[in-house]
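Next come the chains, spelled out residue by residue.
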Amino acid sequence: MKNEISKILNLIESGNSVKALQEAKSFFTNNKNNLDAIKLLAYSYIQVGNFDRVIEVLQEGYNNRKDQRDFDYYNNMGYALSQVEEYHESIPYLEKASNLSDNPSVKICLAEVFLKQREFEKAKKMILIALDAIIKIGDKSFSKYANVFLLISEINGALNKDDETINLFSDLLENRFNENIFFLLSNINPKLLDKKIIDKAENYLLTNENNYKNKIERFNYVTPLYFGLAMCYQSRDKEKSEEYFDSGNKEILNSTRYNSHQYQEKIVKTMELYLKKYKSFDEADRDHGKKNFLIVGSPRSGTTLLESIVTANDKVFSGGELKSGKDIIERNVLSQSQSLSELNHKFISKYLRRTSYLRGSYDYIVDKMPENFLYLGLIQKLLPKSKIIRVFRNPWDTAISLYKQRYVMNVPYSVSFFNIGVFLANFEAINLFWDEHIEKKNFILDVKYEDLVSNYSFNQEKIYKFLEIDTLYDEKKRNEFFSPTASIRQVKEGIHQKSIEKKDFSHHKSEFNDALLMQREYWSQKGISTKSNEFFGYLLN
C-alpha cells in the first residue's frame, strides 16, 4: 500500500496529474474504506481542479467518521469550498484546520477568501502569519509557497500600501535572491530594481539554466526571471525586453498543454446545443439576475478598467472574476443529457446564492469573468434580468498585452501570437453567433476600449444609464479600486491613451494575422462570415 501511495504522490510531484488521478481512482476502488485512499483521491482531484468532486469524496468518505476528521480533511474541504466560491462555508473548515496545524497553506487560503470578500485587514493579518511561518521553514519554502508573495502584493495594493510591499520585498531580495519576489517587484515598479539586482537576476538565470530540466522546475524557477527581466528592460532596452518576453513565453509553451482544437470544439458544441435545446427555453423566473451585472470580453481588453467604473459608487459590489457561472455552465449546461429544468435549478441555486452572499448589503454585484462571453445566450436564458457590458479592443493591441503577461494557467493561449490569433478568431466567431441569435436590447451594451479612454465622461454616463444605476459616480473611489488581476497597476494609473496603437513585437505580427485569418476560414465553413479586413470595426493590417 505504501508503494502505491508513493507512486501517486510522485506522479503529482512530477506534474502528471491526470495519470495520478487514474491511479488514485484505482487505489480507492480497491480500498474504499481506507482513509489514506480517500485523502489521496480528494488530493488528486485538487490537482486537476475538479473541486466539486473533492467535496463529494470527502463528504462521503468521512460521513460516518466524524471523529476521524483531521487537518487534511478540514484543510482540503475548506480549500475546495473556497475554489467553488462557497466562501461562507469554507471559512469554518479553514479555521478548524488552522487550529490543528501551523501549515502556512491554511492561512494563505484564508487570506485569499478575505481578499475576495474585500476584508483587506483580515487578509493582511492572515498573510503575514503565513509569511512568518514560511521564513521560519527556510529558503526552500519560498518557491513552494510562492503565492504568499503575490497575495502580499495584492493585499497591500488594495490597502494602497505598495510602499510596504516594496520595502519588504527589497529587504528579502537583499538577504536571499528569489525569482518570484524579483518578478513581483518588477511588476510593481521596474524602475526600483537597479542594475545590481538586474545583473544578479541575469547571472542567476545563466548559472541555473542547465540545472532545471524538469518542466515544473523550469516553469517555477525560470519563467519568473524571464518575465521580470523583460519588465525591467522595457524602458531600458526594448529589443532585449522583447527577447526576454519571447524566452519566457517559450518556456511556458514547453511546460504546459493547450489544445486550441478543444477550445474550438467547445464553442461549436455551445452553438449547436443552444440552437437545438436552449434557444426556445423560457422556464427561468423573469426576475432572475436583476441584481447581477456581467462584464465580458477578451482578457486584456479593458474589462478591469470597466469594472472600476461600474463599481465607483455606493451601490455596486466588485465581485471580480467569479468562476461559478462559467464552471456551472460547462459542467451542467453543456451536457447532452441535462434537462432544462435541472440545469436552471442548478445554476440559479448556486450562482445566485453565491453572488448574493458576496453582494451583502449592496444593491448589485458585478461579475467580471471575461470568458463569460462564451455563454451570453445561455446567461440571457438563465438570468433574463441581468445586464452585460461587452468590451472590444484593437486585436493587435490586445495580442501584445496578452503576450506580455505571465499568466500561469488561466490564459494558456497567451504564450504565442499564433495561439492568440486563433483565440481572437474564435472570440469573434462566438460573439457574431450571439449577435445573430439573441436579443441584445436592454441586455448587452457594447463598449470599445479606445472610445472609453478617449471620451471617458460621456461613456461613464452611458454605462450608468444602461445599468440603471441611480447613484453618483465617485472618481476618488475609482482611483482606489482594487482587483486581483494583471491589469490593476494600469487601472490605478488613471484613464489614459498610452495603450492604443502599440508598436511592439512587429516581428510577430504576420504570425498573428495569418493565424487569425486561417481560423476565420474554419468558421466561414460553419456559416459564420466576417468582413475580411475588419474585426468588430477595427481594421486588420
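As the structure is a prediction and not an experimental result, all values here were calculated from the model. (Residues numbered from 1 in each chain as written. Predicted model: local features only at pLDDT ≥ 70, side-chain atom pairs only at ≥ 80, totals over all residues. Heavy atoms only, no water.)

## Some words on the packing of helix 21 (residues 395–403) against helix 22 (residues 417–437)
Move 1: Taken N-terminus to C-terminus, the directions of helix 21 and helix 22 make an angle of 130°; their axes are 10 Å apart at the nearest point. The orientation of helix 21 relative to helix 22 falls into the category oblique. The two elements helix 21 and helix 22 meet at a crossing, and its hand is right-handed. Taking contact as the criterion, the partners of Pro395, Trp396, Ala399, Ile400, Leu402 and Tyr403 in helix 21 are, on helix 22, Phe417, Ile420 and Leu424.
Move 2: Class assignment of the residues belonging to the contact of helix 21 with helix 22 gives a composition of nine nonpolar, no polar and no charged. (Axes fitted to C-alpha atoms, helices over the stretch in contact; angles between N-to-C directions. Helix = DSSP H or I, 4+ residues; strand = E, 2+ residues; numbered from the N terminus. Parallel < 35°, antiparallel > 145°, perpendicular 65-115°, else oblique. Left-handed = near helix turned anticlockwise from the far one by under 90°. Contact = heavy atoms within 4.5 Å. Nonpolar A, V, L, I, M, F, W, Y, C, P; charged D, E, K, R; others polar.)

## Details of the packing of aromatic side chains
Move 1: Summed over the entire model, instances satisfying the criterion amount to 39 aromatic pairs.
Move 2: Through a chain of ring-to-ring contacts, three or more aromatic side chains come together here, namely Tyr258, Tyr263, Phe373, Phe392, Tyr413, Phe423, Phe427, Phe535 and Phe536.
Move 3: Here the basic side chain of Arg393 rests over the ring of Tyr449, its NZ or CZ set 4.8 Å away from the ring centre.
Move 4: Of note, Arg406 hangs over the ring of Phe183, and the distance from its end group to the ring centre comes to 5.1 Å. (Phe/Tyr/Trp six-rings, centres within 6.5 Å; stacked < 30°, edge-to-face > 60°. Lys NZ or Arg CZ within 6 Å of the ring centre and 35° of its normal.)

## As for empty space enclosed by the protein
Move 1: Evaluated as defined, the whole model comprises four cavities of 30 Å³ or more.
Move 2: Around the largest cavity, the lining residues are Leu115, Lys116, Arg118, Ser318, Gly319, Gly320, Phe482, Ser483 and Pro484.
Move 3: Its residues assigned to classes, the lining of the largest cavity comprises three nonpolar, four polar and two charged. (1 Å grid on protein atoms, 1.4 Å probe; cavity = no way out; pocket = protein on both sides within 12 Å on 5 of 7 lines; lining within 4 Å. Points joined across faces, edges and corners; volume = space filled by probe spheres on them.)

## Some words on the sheet that holds strand 1 (residues 292–297)
Move 1: As summarised here, the arrangement of the five strands in space is 2-3-1-4-5, forming an open sheet in which the pairing is parallel. Two strands in the sheet have a free side with no partner beyond their single neighbour: strand 2 (316–318) and strand 5 (444–448). Ignoring strand direction, the axes of neighbouring strands in this sheet form an average angle of 25°.
Move 2: Two elements, strand 1 and strand 4 (residues 387–392), share five bridges in a ladder whose sense is parallel. Note that in strand 4 the partner of Val296 across the bridge is Arg390. (Pairing = 2+ DSSP bridges.)

## Let's talk about the environment of Leu306
Move 1: By secondary structure assignment, the location of Leu306 is in helix 17 (residues 303–310).
Move 2: Linking Leu306 and Val447, residues 141 residues apart in sequence, is a C-alpha distance of 9.3 Å.
Move 3: When near neighbours in sequence (up to four residues on either side) are disregarded, Leu306 contacts Ile295, Ile389, Val391, Leu452 and Ile463.

## Thoughts on the pattern of salt bridges
Move 1: This model, assessed by the stated rule, comprises 29 salt bridges.
Move 2: Two residues, Glu23 and Lys7, come together in a salt bridge whose shortest N-O distance is 3.6 Å. Of this pair, Glu23 sits in helix 2 (residues 17–30) while Lys7 is found in helix 1 (residues 2–13), placing the two residues 16 residues apart along the sequence.
Move 3: Residue Glu330 pairs with Lys326 through a salt bridge whose shortest N-O separation is 3.5 Å. With Glu330 and Lys326 both in helix 18 (residues 324–333) and four residues apart, this pair spans about one turn of that helix.
Move 4: On the accessibility criterion, Glu330 (24% relative accessible area) is partly exposed.
Move 5: Overall, the relative accessible area of 13% leaves Lys326 in the buried class.
Move 6: It is possible to trace a salt-bridge network through shared partners that takes in Lys266, Lys326, Glu330 and Glu371. (Salt bridge = Lys/Arg side-chain N within 4 Å of Asp/Glu carboxyl O. Buried < 20%, exposed > 50% of the residue type's maximum accessible area, 1.4 Å probe, protein only.)

## Structural notes on the environment of Arg354
Move 1: Within the secondary structure layout, Arg354 lies in helix 19 (residues 340–359).
Move 2: When the C-alpha atoms of Arg354 and Glu85 are compared, they prove to be 6.7 Å apart, with 269 residues separating the residues in sequence.
Move 3: With near-sequence residues (within four places) excluded, Arg354 lies in contact with Val84, Glu85, Glu86, Ser324 and Ile328.
Move 4: In terms of polar contacts, Arg354 uses its side chain to reach the side chain of Ser324, at 3.0 Å. (Polar contact = N/O pair within 3.5 Å; in protein donor to acceptor, adjacent residues only side chain to side chain.)

## What about the pairing of strand 1?
Move 1: Counting buried positions along strand 1 gives six out of six residues, so the element sits mostly inside the fold.
Move 2: Burial along strand 1 is two-sided: the face carrying Asn292, Leu294 and Val296 and the face carrying Phe293, Ile295 and Gly297 are both buried.
Move 3: The pairing of strand 1 with strand 3 (residues 364–367) spans three bridges and is classified as parallel. Directly across from Asn292, in strand 3, lies its bridge partner Ile365.

## Here's the deal with the side chain of Thr304
Move 1: Along the chain, Thr304 turns up in helix 17.
Move 2: The class for Thr304 is buried, based on a relative accessible area of 2%.
Move 3: In this structure the side chain of Thr304 is engaged in a polar contact, spanning 2.9 Å, whose partner is the side chain of Lys368.

## Some words on the nonpolar core
Move 1: If you look at the biggest cluster of nonpolar residues, it comprises 151 residues, and the most contacted ones within it are Phe149, Phe182 and Phe417.
Move 2: Setting aside residues up to four positions removed in sequence, Phe417 forms contacts with Trp396, Ala399, Ile400, Tyr403, Phe505, His508, Glu511 and Phe512.
Move 3: Formed by 23 residues, the second largest nonpolar core is a distinct cluster that contains Val391, Tyr456, Phe466 and Ile469. (Core = buried A, V, L, I, M, F, W, Y, C linked by side-chain atoms within 4.5 Å.)

## A word on the environment of Cys109
Move 1: With respect to the helices, strands and loops of the structure, Cys109 is situated in helix 7 (residues 104–116).
Move 2: C-alpha separation for the pair Cys109 and Val148, spaced 39 residues apart in sequence, amounts to 9.5 Å.

## Brief notes about the side chain of Ser401
Move 1: Take Ser401: it is sitting in helix 21.
Move 2: Residue classification places Ser401 among the buried residues on the basis of a relative accessible area of 3%.
Move 3: Ser401 has contacts with Arg300, Arg393 and Lys502, leaving out every residue within four places of it along the chain.

## Digging into unusual backbone geometry
Move 1: The phi torsion at Arg118 lies on the positive side, around 65°, for a residue other than glycine.
Move 2: Note that Arg118 resides in the loop between helix 7 and helix 8 (120–137).
Move 3: Although it is not a glycine, Phe505 adopts a positive phi angle of roughly 55°.
Move 4: Considering the arrangement of structural elements, one finds Phe505 in the loop between helix 26 (488–492) and helix 27 (509–525).

## What about the packing of helix 16 (residues 260–278) against helix 27?
Move 1: For the pair helix 16 and helix 27, interaxial distance at closest approach is 13 Å and the crossing angle is 30°. With respect to helix 27, the axis of helix 16 lies roughly parallel. The chirality of how helix 16 crosses helix 27 is right-handed. Touching Gln264, Glu265, Ile267, Val268 and Met271 of helix 16 are Gln519, Tyr522 and Trp523, all from helix 27.

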